Amino acid sequence: MPFYVYLIQSLKDRSYYIGQTSNINERLNQHNRGKVRSTKNRAPFKLIGFETYETREEARYREYKLKRHSGRRKNFIRELHKRVEKLTDPESERDKKWW
């Protein structure tokens, strides 16, 4: 079973939250329903992106590192935003047709 380290952003105050889970959809729903104590006053949220890990221990360690080191956290946020931009950019390489 894969585990994920995810980044969500509050649509209320634009702040970020990093967490880890084995079910991203369910966890996002919990955040949006106010079931997570640390984020209940900032709902609703949107998923920015995630990283996949083979074990919960790997995901927890990555989450720990991101939450404890601001430079890594900023880079994580920047990289996930770049991935989203690349996927949504109509001029990206994946959308070009090579004849």
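Residues numbered from 1 in each chain as written. Predicted model: local features only at pLDDT ≥ 70, side-chain atom pairs only at ≥ 80, totals over all residues. Heavy atoms only, no water.

Draft legend 1. Here's a closer look at helix α1 (residues 24-32). Within α1, burial applies to Ile24, Leu28 and His31. Buried residues of α1 fall within an arc of 55° about the axis and therefore sit on the same side. Those residues of α1 that are buried lie in contact with β1 (3-10), β2 (16-21) and β3 (45-53). Between the side-chain oxygen of the N-cap and the backbone nitrogen of asparagine 25 there are 3.3 Å, and the N-cap of α1 in question is asparagine 23. Phi turns positive one or two residues past the end of α1, at glycine 34, with a value near 80°. (Buried < 20%, exposed > 50% of the residue type's maximum accessible area, 1.4 Å probe, protein only. Helix = DSSP H or I, 4+ residues; strand = E, 2+ residues; numbered from the N terminus. Arc of directions from axis to C-beta. Contact = heavy atoms within 4.5 Å. Polar contact = N/O pair within 3.5 Å; in protein donor to acceptor, adjacent residues only side chain to side chain.)

Draft legend 2. Representation of the pattern of salt bridges within the structure. Overall, the coordinates contain four salt bridges when judged by the stated rule. Taking the shortest distance from any N to any O, the salt bridge between arginine 33 and glutamate 26 comes out at 3.6 Å. (Salt bridge = Lys/Arg side-chain N within 4 Å of Asp/Glu carboxyl O.)

Draft legend 3. Examining unusual backbone geometry more closely. The omega torsion of the bond from alanine 43 to proline 44 falls at 5°, within 30 degrees of zero and hence cis. As for its placement among the helices and strands, proline 44 is situated in the loop between α1 and β3. In this structure, arginine 14 is a non-glycine residue whose phi angle is positive, near 65°. Looking at where arginine 14 falls in the secondary structure, it is placed in the loop between β1 and β2.

Draft legend 4. Expanded view of the nonpolar core. Residues Phe3, Val5, Leu7, Ile18, Ile48, Tyr53, Ala59, Leu66, Phe76, Ile77 and Leu80 constitute the largest nonpolar core, which totals eleven residues. When contributions to this core are tallied by element, the ones reaching two or more residues are β1, β3, α2 (56-68) and α3 (70-88). Discounting chain neighbours no more than four positions away, the residues touching alanine 59 are Phe3, Tyr4, Val5, Gln20 and Tyr53. Within the second largest apolar cluster, five residues are counted, among which are Tyr6, Ile8, Tyr17 and Leu28. (Core = buried A, V, L, I, M, F, W, Y, C linked by side-chain atoms within 4.5 Å.)

Draft legend 5. Focus on the confidence of the model for the protein. Considering every residue of the protein, the mean pLDDT works out to 89; 89% of them sit at 70 or more. Looking across the protein, the model is least confident in α3, with a mean pLDDT of 85, and most confident in α1, with 97. Confidence over residues 95-99 falls short of pLDDT 50; this stretch has four contacts with residues more than four positions distant or in other chains. (pLDDT = per-residue confidence, 0-100.)

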